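Here is what each chain is made of, one letter per residue.
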Amino acid sequence: MNYQLSHRARTLNPYIGAELRDKVEALRRSGRKLIALNVGEPDFPTPIHIAYAGIEAIIKGVTKYTPVQGTHDVRQAVCDKLKRDNDLSYSPEEVVITTGAKQAVANALLSICNEGDEVLLPIPCWGSYPEMIAYAGAVPVFVETEPEQDFQLNVERLASKITSRTRAILLTNPNNPTGTVLDQETLYAIGMIAVRHDLYIIADEIYEYLNYGEKVPLIAALSEEIKARTITINGLSKAYAMTGWRIGYACGPLPVIRAMTVIQSYTTSNPSSIGQYAAIAALKDEGDSVQEMTKSFDERRQYLIREIQSIRGLSCPNARGAFYLMVDVSHYFGSVYEEGTIADSKDFAEYLLHQVGVVVTPGDMFQAPQFIRLSYATSLAQLQEAVALIRAALSLLKMRTENLK
Ligand SMILES: Cc1ncc(COP(=O)(O)O)c(C=O)c1O
């Protein structure tokens, strides 16, 4: 048979993050010892009271279909969290529970974009977004941010990219991969640009609690007119170490939430009933388990920034949120080693993997080809070992190169 695929399937690029994860797993199965700094998930277990809630759900028989939009109880728990932590009022009708925040972003894009619409996307950005925008028939319009400004978004530059086709701004705060946290003033300015040009804001705020500086509000909380056009995306994966439970949510204008629910009804239906039940326990948590994890991430963050900045040829902008650090490795482009040349960040990542078994994500995945992304969602001991190995690998490279200054 001629396995002809749809245009959609043929033009969608494989997700580099997932490919890298598969590669790491295969290498580990073959016996290779690796330190994985590519993973975007907390190394902590799901807090025990949340895990018990999941067990209780199974034993009580909460194992059936739920409403597509999610149970009323979990949507109410989301509303209570938004009121308690963000001073935002939503009703359960304005909330949809999704199979991870990823599905919420995808369904939001599918709900608001027509063929050829443009979505403004600050870069570096999470590797999934450009393909998700394209999958929705729209076009990502990149808005560059600079490492010298710690990847803060320049609102004039954002405004300059608006055309008659612009439909939405897709914002991540705190940011993956840069760890940048936008301040309230910038968020407000972005919000007002959206108001002025009648644009949607898709605000992916999944790293909300992983902010090691001053607390910033959710963009929807900044004014009623901003809220009226914002689809707030969040989820339990990162803050509660629940990546495998696959629970995310979106809240926003009723027509959009309804459209997202209809789209969901034809793909996954409701997210896991067990996950939803456990999510109620998580969302009721007023922050004890989150605080403990955040404290630990912050220690690792400070350690990693200090160490990376002390390695010759590497530099990293300040990162105040999420659990990632972008490291500029362009100093090493053009250097050679026995098996080849390091021409770009993919080669650099390959070299670290090959030479010392440290797995990092090449910046190409985030539209940042001079960088690699390090995740510090791994123990301090592992980070210490990784730093020593990176130092060793680079000093070896230095010895074999002639073109390093
Ligand atoms: C910015 C951002 N949004 C969403 C997600 C996906 O989250 P979830 O596990 O809830 O689908 C990630 C995961 O890496 C992310 O970095």
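Because the structure is predicted, anything quoted here is derived from the model rather than measured.

Student: Help me understand the overall build of the protein, please; the structure alone is not making it clear to me.
Tutor: Each helix and strand in the protein was counted, giving 14 helices and 14 strands. Radius of gyration (C-alpha) of the protein: 21 Å, near the 22 Å computed for a compact globule of 405 residues. Buried residues in the protein amount to 55% of all 405 residues. A separation of at least 24 residues holds for 73% of the contacts in the protein among residues at least 6 apart in sequence. Accessible surface for the protein amounts to roughly 17,800 Å². Of this, 52% is attributable to carbon and sulfur atoms. One finds the centroid of the 39 positive side-chain charges in the protein at a distance of 3 Å from the centroid of its 46 negative side-chain charges.

Student: Any chance you could explain the layout of surface pockets here in plain terms?
Tutor: The rolling of a water-molecule-sized probe over the atoms marks out the regions of remaining empty space. Estimates place the volume of the largest pocket at around 600 Å³. Lining the largest pocket are 26 residues, with Tyr-15, Arg-21, Gly-40, Trp-126 and Lys-238 positioned closest to its centre. Put simply, the parts of the chain that give the lining of the largest pocket at least two residues each are helix 2 (16-29) and helix 5 (100-112). The dominant element in the lining of the largest pocket, judged by the number of residues it contributes, is helix 2, at four residues. Of the residues that make up the lining of the largest pocket, three or more belong to each of domain 1 (7-45 + 289-400) and domain 2 (48-285).

Student: What exactly am I supposed to notice about the pairing of strand 9 (residues 324-328) here?
Tutor: Residues in a regular strand point their side chains to alternate faces of the sheet. Most of strand 9 sits inside the fold, with five of its five residues counted as buried. Alternating positions in strand 9 separate into two faces, Tyr-324, Met-326 and Asp-328 on one and Leu-325 and Val-327 on the other, with burial throughout. In the sheet, strand 9 pairs with strand 14 (residues 371-375) via five bridges, with the strands oriented antiparallel. Along strand 14, the bridge assignment pairs Asp-328 with Phe-371.

Student: Looking at this structure, how should I read the environment of Thr-163?
Tutor: You can see Thr-163 is positioned in the loop between helix 7 (155-160) and strand 5 (166-172). Separated by 46 residues in the primary sequence, Thr-163 and Asp-117 place their C-alpha atoms 9.7 Å from one another. Side chain to side chain, Thr-163 and Glu-118 meet in a polar contact 2.7 Å long.

Student: What is the right way to read the site of the ligand from this model?
Tutor: The environment of the ligand is formed by 13 residues, the closest being Ala-101, Asn-176, Asp-204, Ser-237 and Lys-238. Taking Ala-101, its main chain carries an N or O atom lying 2.7 Å from an oxygen atom of the ligand. Contact distances for the ligand include 2.6 Å between a nitrogen atom and a side-chain N or O atom of Asp-204. The element contributing the most residues to the shell around the ligand is helix 5, with three residues. Residue composition of the shell around the ligand, by class: five nonpolar, four polar and four charged.

The rules behind each value
Residues numbered from 1 in each chain as written. Predicted model: local features only at pLDDT ≥ 70, side-chain atom pairs only at ≥ 80, totals over all residues. Heavy atoms only, no water. Helix = DSSP H or I, 4+ residues; strand = E, 2+ residues; numbered from the N terminus. Rg over C-alpha atoms; globule rule 2.2 N^0.38 Å. Buried < 20%, exposed > 50% of the residue type's maximum accessible area, 1.4 Å probe, protein only. Contact = heavy atoms within 4.5 Å. Areas by Shrake-Rupley, 256 points an atom, 1.4 Å probe, with all protein chains shown as cover. Lys, Arg positive; Asp, Glu negative; His and termini not counted. Charge placed at Lys NZ, Arg CZ, Asp CG, Glu CD. 1 Å grid on protein atoms, 1.4 Å probe; cavity = no way out; pocket = protein on both sides within 12 Å on 5 of 7 lines; lining within 4 Å. Points joined across faces, edges and corners; volume = space filled by probe spheres on them. Domains from an automatic or database assignment. Pairing = 2+ DSSP bridges. Polar contact = N/O pair within 3.5 Å; in protein donor to acceptor, adjacent residues only side chain to side chain. Near = heavy atom within 4 Å. Nonpolar A, V, L, I, M, F, W, Y, C, P; charged D, E, K, R; others polar.

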